[in-house]
Amino acid sequence: MADQTPCGTSRRSSRPAGRRRTDPRPGATARARRRAARPHADRRGTAAPDDIARWLTEHANPLGTLTPGAPTEDLKPLGEALRGTRIVGLGESTHGTSEFFRLKHRIVEFLVREEGFTTLAMEASQSAGHALDAYVRHGTGDPERLVARLGFWTWRTREMADLVEWLRAHNRDLPEERRVRFVGTDPQRCADSVEAVAAFLRRTAPERAGDARALGVLAQARPASYPDPDQALMRRAEEIARLVADHREQSGPGDDADEVLEHARILVRAADLVTRPFDPSAGEDSVFAARDRYMAEAVTRLVGDAPEARVMVWAHNGHIAKGTYGEQVPALGSRLRERYGDAYYALALFFGKGSFLARRGDDLQGPPVPHRIGTGIRSLEARLADAVRGDYYTDLRTGTAPWLHIPQAQRSFGANVPRFVYRFHTAPLVPARDYDGLAFVARSTCSHLLPRTET
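Summarised in this report is the structure supplied together with it.

Conventions we followed
- Residues numbered from 1 in each chain as written.
- Predicted model: local features only at pLDDT ≥ 70, side-chain atom pairs only at ≥ 80, totals over all residues.
- Heavy atoms only, no water.
- Helix = DSSP H or I, 4+ residues; strand = E, 2+ residues; numbered from the N terminus.
- Buried < 20%, exposed > 50% of the residue type's maximum accessible area, 1.4 Å probe, protein only.
- Areas by Shrake-Rupley, 256 points an atom, 1.4 Å probe, with all protein chains shown as cover.
- Patch = residues over 30% accessible without salt bridge, like charges linked within 9 Å, V, L, I, M, F, W, Y side chains within 5 Å.
- Salt bridge = Lys/Arg side-chain N within 4 Å of Asp/Glu carboxyl O.
- Pairing = 2+ DSSP bridges.

**So, the overall build of the protein chain**
Moving on, step 1. The number of helices and strands found in the protein chain is 16 helices and 14 strands.
Moving on, step 2. For the protein chain, the proportion of its 455 residues judged to be buried stands at 61%.
Moving on, step 3. Only carbon and sulfur atoms are counted for the fraction: they give 49% of the accessible area of the protein chain, which is about 18,300 Å².

See the structure below:
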């Protein structure tokens with residue numbers, strides 16, 4: 001069975017498809033820094049395709065550092081590209097690359113401080129996200145424990161804890177209405193919601209306590225793990241959600257029914273995913289499509305609830321892309337592009353070579369381990385590495401070039417990767433059709449896991 005954790009690597013698209021180098025002249029202008037990025041041949045002596053090299057020499061914006069807290073002059077081109085957008089997708093080709101965490105942390109700082117973004121929405125447990133949001137906004141709880149409860153090993157890292165602690169520090173002295181929010185978008189792994197609804201039923205409808213126990217499986221169950229054509233578990237969750245909604249109507253202000261109702265609705269979504277069959281070819285009815293649809297709806301609610309909201313969506317490249325993956329499954333990003341047009345911007349993150357963390361094969365319980373990969377010769381990443389030295393960002397909507405519209409292969413690694421053959425795992429893409437911009441990191445190293453804690 002394919003991994004149902006964030007963007008598992010067995011989900012292939014069927015669309016047609018170390019050392020960090022820094023700017024040698026930190027004070028140079030953006031145009032001068034672009035001239036400093038010269039096309040080069042890799043150690044095999046194979047030059048990048050001329051049109052890619054020429055285009056990137058003109059349009060690549062070197063990143064002086066990946067370190068959060070550094071000056072942000074090199075991120076100004078990204079800020080300019082995001083003028084007029086309300087949502088930016090921050091992708092990643094692996095969930096286990098330290099440099100991706102650090103660069104996205106840096107981008108989040110920049111977007112919050114200088115571009116007015118208000119919410120970080122993450123491919124993480126919707127249920128557990130409530131408690132982490134309470135920490136980010138009010139300082140409630142222990143950040144490392146709360147990060148560990150986000151549902152997936154991928155986020156239980158030192159890098160993620162550092163970001164969460166920065167969000168808290170940023171919010172500490174701000175008025176409530178200006179504090180940045182944290183929101184999980186994924187209905188999976190909803191132990192907090194099970195607990196909240198069960199406590200509510202014990203207090204207000206003890207005769208329905210058995211329903212709460214039946215929903216307990218949703219605390220850890222994975223999508224498609226309890227396939228049921230009748231989706232009886234989801235029907236039960238819907239009944240409880242209606243019960244909570246009725247209670248809210250009768251109880252008036254001051255009750256906690258609003259928060260419990262949101263938890264009950266999370267359980268409905270989770271039960272839907274858990275009871276759908278594993279059938280990647282089911283298109284819009286597949287469990288994959290349902291998951292991306294629910295994540296897109298979570299973002300849509302954030303934008304709809306606050307006219308001034310600007311949302312950063314942190315997820316795998318496969319999710320933030322503007323097209324489809326697998327058996328023509330519409331990605332989260334495609335739904336956002338369809339609804340918001342150019343107000344949604346998809347930024348993919350790629351790397352050249354190095355190592356990253358992932359679990360092996362179909363092992364859903366074992367520890368993630370380092371996986372290593374070279375630059376290669378056939379992927380888009382190999383061409384990006386050959387074209388420009390170091391780390392850089394480029395806006396794919398600037399100018400035109402044939403390579404932007406030609407089907408290519410991108411590397412794609414999820415929480416689990418195939419044993420032995422992961423180095424050959426690619427998914428098709430058309431760069432300008434799938435993404436609006438890309439950030440390239442020359443070398444990847446493994447993210448740093450936090451010690452396991454009792455959650």
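**Details of a nonpolar patch on the surface**
Moving on, step 1. The grouping of F420, V421 and F424 at the surface amounts to a nonpolar patch, some 400 Å² of accessible area in total.
Moving on, step 2. Structurally, the position occupied by F424 is in the loop between strand 12 (416-417) and strand 13 (426-429).

**Notes on the environment of G141**
Moving on, step 1. Within the secondary structure, G141 is located in the loop between helix 5 (126-138) and helix 6 (143-148).
Moving on, step 2. The sequence separation of G141 and A131 amounts to 10 residues, and the corresponding C-alpha distance is 7.8 Å.

**Brief notes about the pairing of strand 4 (residues 181-186)**
The side chains of a regular strand alternate, residue by residue, between the two faces of the sheet.
Moving on, step 1. Of all the 6 residues making up strand 4, 5 are buried; the element is thus mostly covered by neighbouring parts of the structure.
Moving on, step 2. In this sheet, strand 4 lies alongside strand 3 (residues 119-125) in parallel orientation, the contact comprising 5 bridges. Bridging across to strand 4, A121 finds its partner in V183.

**What about the pairing of strand 10 (residues 392-395)?**
Moving on, step 1. With burial as the criterion, each face of strand 10 is covered, one bearing Y392 and T394 and the other bearing Y393 and D395.
Moving on, step 2. With 2 bridges joining them, strand 1 (residues 61-62) and strand 10 adopt antiparallel strand pairing. Following the sheet pairing, P62 is matched in strand 10 by Y392.
Moving on, step 3. The sheet contact formed by strand 10 and strand 14 (residues 437-444) spans 4 bridges and is antiparallel. Within strand 14, the position partnered with T394 by the bridge is L438.

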